[in-house]
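What the coordinates show
Letter by letter, the chains look like this.
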Amino acid sequence: MQKSSTVRRVALIVVALVIVVPVAALAIFVATFNPNSYKPRIIAAVEQATGRQLTIAGPLHMTLSLVPTISASGITLANPPGYADADMASLQRIEAQVALLPLLSHRIDIIKLALIDPVITLEYGPTGTPNWLFDHPSATPGASGTAPAPAPAKSTHGIALQSVSIENGTITYKPPAALVPLQPGQAAAAAAPTVLNIAHFTGSAASLAAPLHLSTQAQYDSQPFTLTGTTGPVSRLSGGAGAWPVDVTLGAQNATLRLKGSIAHPRHLKGYALDVHAAIPDLAALDPYAGGMNLPPLQTVAFSASITQADQATPGLPTISNASLTAGRSDLDTWRKGLSISSLNATMTSLDQPLSIALAGAYQGKPVGLEGTAGPLGPILTAALDIPIPQSAARGTVGAAGATERFAVNLAAKVGNAQFGVAGGIASPEKLAGVALKITAQVPNLAHLSDLAGQPLPAWTNIGLSGLLTDPGGQGLSRAVGLESLAVTADQGQFGGAFSLTQGATPDLQAVINAPRIDLTALLRAMPKPATAGATAPQATVPPSATQAGDLIPATPLPFGLLRRGNGNVELTIGQLMYDGATYDAITAHGLLHDGVLNVRPITAELPGGSITGTVAIDAKANPPRVHVTEAAPAFRLAPLLTVLGLPNSAAATVQLYANLAGQGNTPRGIAATLNGTLGVSTVNGEIDGTLLDRLFGSSLSAVGLPASMVGAQGPVMVRCFAGRLDARNGLANVRALTLDSSRMYLTGTGSLDLGAERLNLILRPTVRVGTGSAPIPISVSGTFAHPREGIAPAGDYGATAAALAQQLGHNGGTVLGRLAQNLGLAPKPADPQSCTGALALARLGNSGPMPSGPAGGMLPAPVGGAGGGAPASGPQNLLRSLFH
C-alpha cells in the first residue's frame, strides 16, 4: 500500500510538472506579454528592406489563442526627400489572424487579413525616378544615430492566405510632368492623376490550400468596374510546383475581359499560358475609361488571342498567337457624320506573320474600304516598347542568311472617290531602320472629307500626292524621319521637295521646297468659312499682359525658345505666286538656324512693279533676343498691303518700301519699345478710294470742324504723291517726312510715336483753299494708339497758316494788312521740304524712283464752303468761315 501510494504521489508530481506548470507559465506569459516591445524590430526590418521611413503611430494589439488576432493602426511609409507627397502609403488599420502552430514548421498561415483605408500614391520625383523603386541599403541607422541594425536573415517561411479584405482603398498614379517647357520660365505642365478607388475587395478560400475566389467593387477615375474570378492558392506564391490556375473577368459598362489559363511560376510571372477574350457591346461606352479619347461607337466588338511565355524565357515580348478582332455593323454617325461600317476583321496568326485587315462601310452614301497586310509585327513591337524579342519570335523572323525578315506594308483605302495607299517595307524592323514606304493619295475635294476628319477642311480640289517616307542614313525612325520625292498637285497650286528631321539633344531640320505655282487667293478662298451665327466658337485664352487697356502691340511671348532647341536649313523657291489679282515671280528664301541664331537671307521676289529683297536675323541666344529686319521693295502693288492691314483695298498704285529696323525683346511690344532704324513708304501717280482717306484722316478733320467734303465718301481719289518716313531710336519714332498730295486733300505732318508707351504726338496740316490761294490747318493728334485724341493744334503751330493768310492779304506790302504781316514776320517761307520732291527723297532713303506728274499742289480741292467749281466767296466773314466753319 505504501508503495502504491508513493507511485500515485510521484505520478501527481509528474502531472503537475508536465501540465500545471506549463499552464501556469502560459498564464503568466499571457498576462505579461507586450507586443509593442517588438515594434522597433518590425520598423527596423521594413526600413531595412525598403530604405524608407516606417511609422506605426498606434499601439500593437494581440489577442492570444491558437489563432491570435494581431492589429495595428496609423501606419505610414514615407517617400524619399524631394517628392511632392511626404508619404507613399498609409494604412488606417490592419488586422490579421495568424495560426500559431504552423509557425513551428516555418509556415505563416493567415486565416484572415483585413486592410482598412489603405492609401497608396505612385509618383515621380524631381529627377524622374518613380517612388515604387525601393533602395535596399545594407543597413539602416537607428533613430538615435547608433550603429545600424543587422540585416535580417532571409525568410524561409511559407505564406498561405485563406481570407483577405480591403475596405475603402485608394491608389493614385501621378504621371511625370513635362521635362522641357516650351518657353523660358514656363512651368512644366503636370498631367491629371489617375485614381483607383477600391470600395470593397474580398478574397476567400475553403482552405489554405484551396483556390482563392475574388470579388471587387471599384472605380477607375470615378468610373465603376468589377473584378471577379478565381486564382490558385496564395501559398503557391511562396513555393511549390505545378500550374497555378487563373480565371478572372474584368467588367465595365456590360463589356467583359476574361483571362483564363495558368502560370507555372506565379511568384515571378513566368511560364504563363493565357487565353484572352474580350466582348464589348458598344466601344464608345468605354470612352471614360480611356481618358476621353472619343472612341467610336463600334458595336459587337470581339477580341481573342493566346498569350504564352516559356518557363525559362528571358524578360521580353510574350508570344501572341491566333489574334482576332471583329466588329459588327455599326452606325458611327454620332462620331463621324455620315460614316458607318458593315464589317471589320483583323487577324494575325502569330507575331512572326503579317496582320491582315479588311474593313467595309459607307461614308455619306459612298463606299468606304480598307484592306491589306502589314507585318510581321513582332520586331516592330519590340522596337517600339524597347524590350528584347522572345526566342520563339526571333526564330520565326530570322531568314536563312541570319538577317531579320523585312517588315512589309501593302495597305489601300478608299473613301468615295478618294484613294489612299501605303506600300513598301522596313529592312531592319527591330531597329526601325531601312525604311522605304511610298505614300500616295488622290482626293477630288478635300472638303468632302471634313466630317470624316472631325473638323472643317479646305476645299482644295483635284489633289494628287506622292512621296517616300524614309529614315535618312538608315539611322532608324527613332532618330531620323525623312520625306523624299514629295510631289503635291492641286488646282490651287503645286509644290514638292524633300524633308528630313533628325532627332536628338539638338533636332535638325533640313528641307528643300520648290513650288512652281501657288494661287494664294484660291487657297485662301477655299479655306473653311468661320462658324455661323449662333454657333459657339471656342474662345482663345490670351495672357493678361496682351490685353491691357490701351495696348495694340501684342505682349504675347514669341516662340524664340523653339529657335534655341534645334538647328535647321530650309531653302524655298516659288516660281509663281498669285494673290489678289497680282502675280509675284521668282520668290526665293534661304533660312539657316544654328545654335539659336536664325538668318533668312536673301529673301527675293519679282513683284508686278519690280524686285524686292530683304533679310531677317534673329539671335535667340541674346537676352532678350535680338531681331533685325531689312527690306527693299522699289515697286509693289498697294492693294495687297492694304488687305494685310485691314484697310479698304480698292487701289491702283505702286508702292516703294524701304526698311532697316532692329530691336530686342521677347514680345512684339518689347521689340517695338527698343526699336532702332528707319522705315520709308511712298507712292506716286496712283489711285485709291475715298474710304481709305476717310479711315485714315476723317476723324481728325471732323475734330476741328472741317467738313467731311474735304475727304469725301466712296469714289476714286487721284494720288499725285504720298511719302512717309519714320526714324526710330530706342522705341521713339520721329516723323521725318509725311506728305500726301491728292485730288481731295493736301496734307503734311510732323511729330513722333512712342512705340513703348504706344502714345501719339503728331501735328497734321491738311491744306484748304482760301480765296485764290490755300492755307494749312494744323490738327493735334495725341493719346494712345488704341484711343487717339484729335483737336486744334497749340498756338505755336499756326505760323504756316498765318503766313499763308498774309500772302492772301497782300504780302508785297501794298496794303495796310500786307505791311502789318511783313512787320510781324509772317511773310511766306521758301519751298517746304515736305513738298513731294523732298518727302519722296527722304522716304526712299536715297534710292531712286518715279516722280509725280503735274504741278505741285495742283490737286488741291475746291474752296471750303464754296460751290464746287465756282468762284470763292468774298468778304472777310466768308474768309473766316472758310477757315473755321
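Residues numbered from 1 in each chain as written. Predicted model: local features only at pLDDT ≥ 70, side-chain atom pairs only at ≥ 80, totals over all residues. Heavy atoms only, no water.

Things to note about the overall build of the protein chain
The helix and strand inventory of the protein chain stands at 14 helices and 41 strands. Long-range contacts, defined as pairs at least 24 residues apart, comprise 51% of the intrachain contacts of the protein chain with a sequence gap of at least 6. Surface exposure of the protein chain reaches about 46,900 Å², of which carbon and sulfur atoms provide 62%. (Helix = DSSP H or I, 4+ residues; strand = E, 2+ residues; numbered from the N terminus. Contact = heavy atoms within 4.5 Å. Areas by Shrake-Rupley, 256 points an atom, 1.4 Å probe, with all protein chains shown as cover.)

Quick look at the pairing of strand β13 (residues 270–282)
Where strand β12 (residues 255–265) lies against β13, nine bridges are found, and the strand directions are antiparallel. Paired with Ser262 across the two strands is Ala273, which belongs to β13. Here β12 hands over to β13 after four residues, with Leu269 in that stretch at a positive phi of 50°. Relative to strand β14 (residues 299–308), β13 is paired through nine bridges, and the arrangement is antiparallel. Across the sheet, the residue bridging to His277 is Ser304, located in β14. (Pairing = 2+ DSSP bridges.)

A word on the pattern of salt bridges
The full count for this structure, using the stated rule, is eight salt bridges. Here Asp85 and Lys174 are joined by a salt bridge, their closest N and O atoms 2.7 Å apart. With Asp85 in the loop between β3 (69–78) and β4 (87–98) and Lys174 in the loop between β7 (163–173) and β8 (194–204), the pair connects residues that are 89 residues apart, well separated along the chain. Looking at Lys174, the relative accessible area reads 28%, which means it is partly exposed. Its salt-bridge partner being Asp727, residue Arg725 comes within 2.9 Å of it at the nearest N-O pair. Each member of the pair, Arg725 together with Asp727, is buried. Connected through salt bridges with shared partners, the residues Arg725, Asp727 and Arg736 form a single ionic network. (Salt bridge = Lys/Arg side-chain N within 4 Å of Asp/Glu carboxyl O. Buried < 20%, exposed > 50% of the residue type's maximum accessible area, 1.4 Å probe, protein only.)

Digging into the nonpolar core
Ile56, Leu113, Leu286, Leu298 and Leu449 are the most contacted members of the largest nonpolar core, which has 55 residues in total. For this core, the element with the most residues is strand β11 (residues 244–252), which contributes four residues. Contacts of Leu298, omitting those with residues within four sequence positions, involve Pro281, Asp282, Leu283, Ala327, Ser330, Leu332 and Ile341. In terms of nonpolar packing, the next biggest core, distinct from the first, is built from 45 residues, Ala515, Ile553, Ala651 and Val781 among them. (Core = buried A, V, L, I, M, F, W, Y, C linked by side-chain atoms within 4.5 Å.)

Re the packing of aromatic side chains
For the structure on display, the rule yields three aromatic pairs. With a centroid separation of 5.5 Å and 75° between ring planes, the pair formed by Tyr124 and Trp132 is classed as edge-to-face. A relative accessible area of 24% means that Tyr124 is categorised as partly exposed. Ring centres 6.3 Å apart and planes at 75° place the aromatic pair Tyr124 and Tyr173 in the edge-to-face group. Within this pair, whereas Tyr124 is found in the loop between β5 (107–122) and β6 (158–161), its partner Tyr173 is found in strand β7, the two being separated by 49 residues in sequence. Here Tyr173 falls in the partly exposed class, since its relative accessible area comes to 28%. Through pairs of rings, three or more aromatic residues link up here, namely Tyr124, Trp132 and Tyr173. (Phe/Tyr/Trp six-rings, centres within 6.5 Å; stacked < 30°, edge-to-face > 60°.)

Concerning the confidence of the model for the protein chain
Of all residues in the protein chain, 76% have pLDDT values of 70 or greater, and the mean over the chain is 80. Mean pLDDT per element in the protein chain: helix α14 (residues 876–884) is the minimum at 32, and strand β23 (residues 461–470) is the maximum at 97. For residues 3–30, every residue scores under 50 in pLDDT, and the model assigns this stretch six contacts once sequence neighbours within four places are set aside. pLDDT under 50 marks residues 138–155. Its contacts with residues more than four places away, or in other chains, come to 14 contacts. (pLDDT = per-residue confidence, 0-100.)

Structural notes on the state of the cysteines
Here, disulfide denotes a covalent bond that connects the sulfur atoms of two cysteines. Enumeration according to the criterion identifies one disulfide in this entry. A sulfur-sulfur distance of 1.7 Å marks the disulfide that ties Cys721 to Cys836. The S-S bond linking Cys721 to Cys836 shows a torsion near -80°; that makes this disulfide left-handed. Taken together, the residues Cys721 in strand β35 (residues 716–729) and Cys836 in helix α13 (residues 836–843) connect sequence positions 115 residues apart. (Disulfide = S-S within 2.5 Å.)

With respect to the side chain of Thr231
As for its position among the elements, Thr231 is in strand β10 (residues 223–231). Residues in contact with Thr231, not counting those within four places in the same chain, are Pro211, Leu212, Leu214, Trp244, Pro245 and Val248.

As for the pairing of β10
Of the pairings in the sheet, the one linking strand β9 (residues 212–220) to β10 comprises nine bridges and is antiparallel in character. Within the sheet, the bridge partner assigned to His213 lies in β10 and is Thr230. Strand direction decides the pairing type here: β10 and β11, joined by six bridges, are antiparallel. Each residue of the ladder has a partner; that of Thr230, found in β11, is Asp247.

As for unusual backbone geometry
A cis amide bond links Gly375 to the next residue, Pro376, at an omega of 5°. For the peptide bond that leads from Arg601 to Pro602, omega is -10°, which places it in the cis range. Here Pro602 lies in strand β29 (residues 597–607). Located in the positive-phi region is Asn168, a residue other than glycine, with phi close to 55°. Checked against the element boundaries, Asn168 lands in strand β7. A relative accessible area of 49% places Asn168 in the partly exposed class. One non-glycine residue, Asn322, lies in positive phi territory at about 50°. On the secondary structure map, Asn322 appears in strand β15 (residues 319–327).

Re the environment of Ser752
With respect to the helices and strands, the residue Ser752 is situated in strand β37 (residues 746–754). For the pair Ser752 and Ala728, spaced 24 residues apart in sequence, the C-alpha to C-alpha distance is 9.2 Å. Excluding residues that lie within four positions of it along the chain, Ser752 makes contacts with Leu732, Ala733, Asn734, Val735, Arg759, Leu760, Asn761 and Leu762.

Here's the deal with the environment of Ala793
One can find Ala793 in the loop between β41 (788–792) and α11 (799–810). You can call Ala793 buried: its relative accessible area is 6%. Spatially, the C-alpha atoms of Ala793 and Pro778 are 5.5 Å apart, while their sequence positions differ by 15 residues.

Let's talk about the environment of Gly493
Examined against the element boundaries, Gly493 turns out to sit in strand β25 (residues 493–502). A relative accessible area of 8% places Gly493 in the buried class. A C-alpha to C-alpha distance of 9.4 Å links Gly493 and Ile463, two positions 30 residues apart in sequence. Ignoring any residue separated from it by four or fewer positions in sequence, one finds Gly493 in contact with Val488, Arg517 and Ile518.

Re helix α3 (residues 378–385)
Every buried residue of α3 is listed here: Gly378, Pro379, Ile380 and Thr382. Backbone geometry just downstream of α3 places Asp386 in the positive-phi region, at approximately 55°.

Overview of helix α2 (residues 39–50)
Over its 12 residues, α2 extends 17 Å from the first C-alpha to the last, a length consistent with the 16 Å expected when each residue adds 1.5 Å. Restricting attention to buried positions, one finds in α2 the residues Lys39, Ile43, Glu47, Gln48 and Thr50. Buried positions along α2 lie against β1 (54–56) and β3. At the C-terminal side of α2, Gly51 shows a positive phi close to 75°. (Expected span 1.5 Å × (residues − 1).)

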